[in-house]
Amino acid sequence: MAAAAEAGEVEHLLVTGDPTALFVLGERYENAEGVERDYAHALDLYCGAAAQGHAEATYNIGWMFLNGRGVTRDDAVGAGWLRLAAERGATHAIRVLRHLGAVVPGVPTGCPETEHAVAVPEAPKKIAEIVARTAPKYQVDPKLVLAIISAESDFHTSAVSRRNAKGLMQLMPETASRFGVRNSFDPTQNITGGVKYLRWLLAYFEGDIAKVVAAYNAGEAAVTHYGGVPPFPQTRAYLAKVRRLYAAKHHPFDRLALAEY
């Protein structure tokens, strides 16, 4: 029961992008603790935490490079991560650096998606408050919601596209109706509808962010038809824009959402 409660707490924190939760889950995937070992996923999680300054996640990335755990061994890159971890307060990183002797710390690379990610433009206070209140309710990362809003409307509540998508999250009339939105220009209704749609897409595509974002732009039918991101220039450009704002590749999901809408 205690382990289940702990796992539930981590998953709850994970939907908010909490760096400690990312780190804890990363360790589980790296060390096969209750899950199948997956070094690539562990590295993604560590990178997400390290991008937020988490010292232990930064240290673990260095350790993976020093030992070739799911990556090509590179002592210089590993030492670079350890030096950064030490700067962030991981004192044990200093001891390992001393043992490395003549190895010169290099640039801490290996997290290309987080290295080149940029901050989501600051949302108007009212919009940020609605997202902060609504997204966790539906188990969706608020940062993903803000990235979608930024890409869709640049936070303009009255935006209307050539295809008649409306409001902050650019809801098509049929999508708005599907998720109970009566007024797409009302920020609370629009965001709630958009978040519900993201929750459904996350369940449908089992947390695959690339497919979810592509489906939000081109529709789930197109993603299903092509077995992944459709070869549409507009959709690929849209995905690239969102990924610059939201670097995670995977997101927790709840299969029950499929039956809700």
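These lines cover the structure that appears in this document, whether it is placed above or below. Just so it is clear, the model here is predicted, and its values are computed rather than measured.

Turning to the side chain of S153, a few remarks are in order. Here S153 is to be found in helix 9 (residues 142-153). On the accessibility criterion, S153 (6% relative accessible area) is buried. A distance of 2.6 Å separates a polar side-chain atom of S153 from the backbone oxygen of L168. When near neighbours in sequence (up to four residues on either side) are disregarded, S153 contacts A159, G167 and L168.

Here the focus is the packing of helix 11 (residues 187-204) against helix 12 (residues 209-218). Two numbers describe a pair of packed helices, the interaxial angle and the distance between the axes. Closest axis-to-axis distance for the helix 11/helix 12 pair is 9 Å, and the angle between their directions is 135°. The angle between the axes of helix 11 and helix 12 places the two elements in the oblique class. Of the two elements, helix 11 crosses helix 12, and the hand of that crossing is right-handed. Here G194, Y197, L198, L201 and L202 of helix 11 lie close against helix 12, whose contacting residues are I209, V212, A215 and Y216. Here the residues of the contact of helix 11 with helix 12 sort into eight nonpolar, one polar and no charged.

Turning next to helix 14 (residues 233-245). Compared with the 18 Å implied by 1.5 Å per residue over 13 residues, the 19 Å span of helix 14 between its first and last C-alpha is a close match. Turning to helix 14, its buried residues number three or more, namely T235, Y238, L239, V242, R243 and L245. Take helix 14 and look down its axis: the buried residues cluster within an arc of 155°, on one side only.

Cut-off values and rules
- Residues numbered from 1 in each chain as written.
- Predicted model: local features only at pLDDT ≥ 70, side-chain atom pairs only at ≥ 80, totals over all residues.
- Heavy atoms only, no water.
- Helix = DSSP H or I, 4+ residues; strand = E, 2+ residues; numbered from the N terminus.
- Buried < 20%, exposed > 50% of the residue type's maximum accessible area, 1.4 Å probe, protein only.
- Polar contact = N/O pair within 3.5 Å; in protein donor to acceptor, adjacent residues only side chain to side chain.
- Contact = heavy atoms within 4.5 Å.
- Axes fitted to C-alpha atoms, helices over the stretch in contact; angles between N-to-C directions.
- Parallel < 35°, antiparallel > 145°, perpendicular 65-115°, else oblique.
- Left-handed = near helix turned anticlockwise from the far one by under 90°.
- Nonpolar A, V, L, I, M, F, W, Y, C, P; charged D, E, K, R; others polar.
- Expected span 1.5 Å × (residues − 1).
- Arc of directions from axis to C-beta.

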